[in-house]
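# Breakdown of the fold
One letter stands for each residue in the lines below.
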Amino acid sequence: MKKQIEVEIYGQNYTIAGEADGPYVAKLARYVDGKMRELAETGKNMPTTKLALLAAVNITHELFELRQEKQTKDSAIEKKTKDLIENIEEQFGDLKLY
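We now turn to the structure provided with this report. (Residues numbered from 1 in each chain as written. Predicted model: local features only at pLDDT ≥ 70, side-chain atom pairs only at ≥ 80, totals over all residues. Heavy atoms only, no water.)

## Focus on the overall build of the protein
Short version of the rule: Only DSSP runs of H or I reaching four residues or more are called helices, and only runs of E reaching two or more are called strands; each is numbered from the N terminus. Radius of gyration here is computed from C-alpha atoms only, and the compact-globule reference equals 2.2 Å multiplied by the residue count raised to the power 0.38. Type-normalised accessible area, obtained with a 1.4 Å probe on protein chains alone, sets the label of each residue: buried when under 20%, exposed when over 50%, and partly exposed for intermediate values. Two residues qualify as a contact provided that any one of their heavy atoms is within 4.5 Å of a heavy atom in the partner residue. For the area figures, the Shrake-Rupley method with a 1.4 Å probe applies, and any residue is considered shielded solely by the protein chains shown.
From N to C terminus, the protein includes two helices and two strands. Over its C-alpha atoms the protein spans a radius of gyration of 24 Å, topping by over 25% the 13 Å that the globule rule assigns to 98 residues. In terms of overall dimensions, the protein has C-alpha extents of about 70 × 40 × 15 Å along its principal axes. By residue count, 13% of the 98 residues in the protein fall in the buried class. Here the analysis covers contacts within the protein between residues at least 6 apart in sequence; of these, 23% occur between residues at least 24 apart. Carbon and sulfur atoms make up 57% of the accessible area of the protein, which totals about 8500 Å².

Structure, rendered in C-alpha cells:
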C-alpha cells in the first residue's frame, strides 16, 4: 500500500509517495539534504536545481563505487571458496563413505 510521506530537502517540503516506511524515507531525504548542503558550502552561489543535480551525480558516484567494491569482494569470496573446495577435495578425495 502506498504511503504519502512529507519530507524537507534543502528548505523545501515534498510529499513522497511509496511503499517504504516513513523513517526510512526521512533518512533518505536527510541524506540528500546533507549532500546538497555540503555542495552549497563550496562558496559558489548555485541555484537549487544545480545543487540537486550535483547531489544526484555525487550520490550516483557513491553507489557505483559501492557496487564495484561489492563486485570485487564477491569475486574474491568466490575464488577463495573455489580454492577451499579444491583443497578439501585434494585432501579427502580418496576417502570413500559407505
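## Things to note about the environment of Asn 58
With respect to the secondary-structure elements, Asn 58 resides in helix H2 (residues 48-92). Between the C-alpha atom of Asn 58 and that of Thr 81, which follows or precedes it by 23 residues, the distance is 34 Å.

## As for the environment of Thr 49
By the secondary structure assignment, Thr 49 is in helix H2. Between the C-alpha atom of Thr 49 and that of Met 36, which follows or precedes it by 13 residues, the distance is 10.0 Å.

## A short note on the pairing of strand E2 (residues 12-18)
Just so we agree on the cut-off: When DSSP finds two or more bridges between two strands, those strands count as paired.
In the sheet, strand E1 (residues 3-9) pairs with E2 via seven bridges, with the strands oriented antiparallel. Within the sheet, the bridge partner assigned to Val 7 lies in E2 and is Tyr 14. The loop that links E1 with its antiparallel partner E2 comprises two residues; one of these, Tyr 10, has a positive phi angle of about 50 degrees.

## Considerations on the side chain of Asp 33
The topology assignment puts Asp 33 in helix H1 (residues 22-40). Given the relative accessible area of 14%, Asp 33 is considered buried. When neighbours within four sequence positions are excluded, Asp 33 is seen to be in contact with Glu 8, Ile 9, Tyr 10 and Gly 11.

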